[in-house]
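Read off the chains here:
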Amino acid sequence: MTKYRRASRAARVLLPGAVAVALLAGCAQGSGGAASAAGSTSSAGASPTTGAPSAGSSGTVTPAPAGGPAPGTLLVGDFGSDTVTFVDPARGAIGSVKVGTAPYGLVVGTDGRAWVATAEGVAVVDTTTRQRLALIPYETDAGPVTTGEYRGGGMGIALAPDGRRVYVGVNVPGGNGTLEVIDTASLRVTDTVPVGRRPFDVDVSRDGSEVYATNHDSFDVTIVTAGTLEPRRVEVAPYGTEGGLGSWLKPHYTAVRPSDGRLLLPFEGERLAVVDPRTGRATIEPMTANTHQHGATVTADGTLLAVGTGPIDPSEDRGPSLTVRTPGGAERVYPLEGPHETVAVSKDGRTAYVTGGFTRDGYWDGLSIVDLDTGDTRRLEAGSRPLGVVVL
């Protein structure tokens, strides 16, 4: 893939004040790199399939602990295999469950069920018994089930606040994606909504009234009204869209700010796009890490965490990092060793768990655990190219 780079540093200035965010049609998606075959195509509209007992990396059954996972246990999606892995932050992997090909995003509800976006469908996992309960096939034809960075199937995924709906962004290689709506009681897809290309991330407003699909290859966020499922496109491109499919300067992940519902999208450790979903306008704020950024999350008090994967141009950009940004805009940047993808935060807000899976080359099979008070960072081997991560 052509790697369209930013202009020289002299031209890389922050945009003034506010930037109009146009409501435009989507752009074309590139074919990306080749993906190896890993399974057969799911039948659209088929009934959910039941799952199998949990198994560790050795393939042997791993008994689930009585009473379910201990508080603070992590669950990671293994993009490099067909499993999710339970991780003790002190000891490493403690068990895995087969879910489906190339798991990407995952989310866990208050009932202990995990919803995992795989290439084949959305897997439903009981985190107490460590069993896959179902695999819900997509209605969207995403092509053959494959692995790799550009595979079709589910990417971002989110759960409605009332737990009744799951929303999953489905990538269709070479075309626009969809947002599929799953009824969590019947375990069936009830609706599909057109979105942009390669929906890396899906988020829901705090009141559940809106759903946000962040579409990497069309430089936009699709805002979907939950009640009517009406979509509207908001372009988010603080560097512009020059370079098209070859550009690195696209949105990846979004965090919804608790205080006002605005969408926070970090770009390149230089610019934070703050989008008002009501008006479709963005303001641009400066960031300090100066590194290509992917995963983002926000804590209840409005602290933003953004994962830096490393430089686009090694002569100008800094290495991998984790940025922690206060609601007032002050930043602390924690250096990381090697590329990472997404991040979750402990319940007490003192520890960050950053997955080493990474959607491009350079990944590793584990997590970096960052003490946000001291800055101490340690690596923990766990999972197979882990991308998504949640704290149970």
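Parameters and conventions
Residues numbered from 1 in each chain as written. Predicted model: local features only at pLDDT ≥ 70, side-chain atom pairs only at ≥ 80, totals over all residues. Heavy atoms only, no water. Helix = DSSP H or I, 4+ residues; strand = E, 2+ residues; numbered from the N terminus. Buried < 20%, exposed > 50% of the residue type's maximum accessible area, 1.4 Å probe, protein only. Contact = heavy atoms within 4.5 Å. Salt bridge = Lys/Arg side-chain N within 4 Å of Asp/Glu carboxyl O. Pairing = 2+ DSSP bridges. Axes fitted to C-alpha atoms, helices over the stretch in contact; angles between N-to-C directions.

A.B. asks: For this particular structure, what's the right way to read unusual backbone geometry?
C.D. replies: Glycine aside, a negative phi is what most residues show, and trans is what most peptide bonds show. In this structure, Arg130 is a non-glycine residue whose phi angle is positive, near 55 degrees. Following the sequence through the fold, Arg130 ends up in the loop between β7 (121-126) and β8 (131-137). Judged by relative accessible area, Arg130 falls into the buried class, the value being 5%. Phi is positive for Leu229, close to 60 degrees, though the residue is something other than glycine. Looking at where Leu229 falls in the secondary structure, it is placed in the loop between β15 (220-225) and β16 (231-235). Residue class for Leu229 comes out buried when judged on its relative accessible area of 15%.

A.B. asks: Just to check I follow, could you spell out the side chain of Thr214 for this structure?
C.D. replies: Inspection of the secondary structure puts Thr214 in strand β14 (residues 210-215). According to the relative accessible area criterion, Thr214 is buried, its value standing at 0%. Residues within four places of Thr214 in sequence aside, it is in contact with Arg198, Pro199, Phe200, Asp201, Asp220, Val221, Pro251, His252, Tyr253, Thr254 and Leu265.

A.B. asks: Just checking my understanding: could you explain the pattern of salt bridges for this structure?
C.D. replies: In a structure, side chains of opposite charge can pair up when their charged atoms sit close to one another. Applying the stated criterion across every chain yields a total of 17 salt bridges. Across the pair Arg262 and Asp276 runs a salt bridge, and its minimum N-O distance is 3.1 Å. One end of the pair, Arg262, is in the loop between β17 (255-256) and β18 (263-267); the other, Asp276, is in strand β19 (residues 271-276), and 14 residues separate them in sequence. For Glu285, the salt bridge goes to Arg325, with nearest N and O atoms at 2.8 Å. Of this pair, Glu285 sits in strand β20 (residues 281-286) while Arg325 sits in strand β23 (residues 321-325); the two residues are 40 residues apart in sequence, bridging distant segments of the chain. Note on Glu285: relative accessible area 27%, which makes it partly exposed. Of the residues examined, Arg325 reaches a relative accessible area of 6% and is grouped as buried. Beyond isolated ion pairs, a larger network of salt bridges with shared partners links Glu149, Arg198, Asp217, Lys250 and Arg360.

A.B. asks: Is there a simple way to think about the sheet that holds β16 in this case?
C.D. replies: Hydrogen bonding along the main chain pairs the strands of a sheet, whether they run parallel or antiparallel. Here we have 4 strands laid out as an open sheet, ordered β13-β14-β15-β16, and antiparallel in their pairing. Every other strand in the sheet has two partners, leaving β13 (199-204) and β16 as the edge strands with one partner each. Averaged over neighbouring strand pairs, the angle between their axes works out to 20 degrees when direction is ignored. Relative to β15, β14 runs antiparallel, the two sharing 6 bridges. Of the residues in β15, the one forming a bridge with Val211 is Val224.

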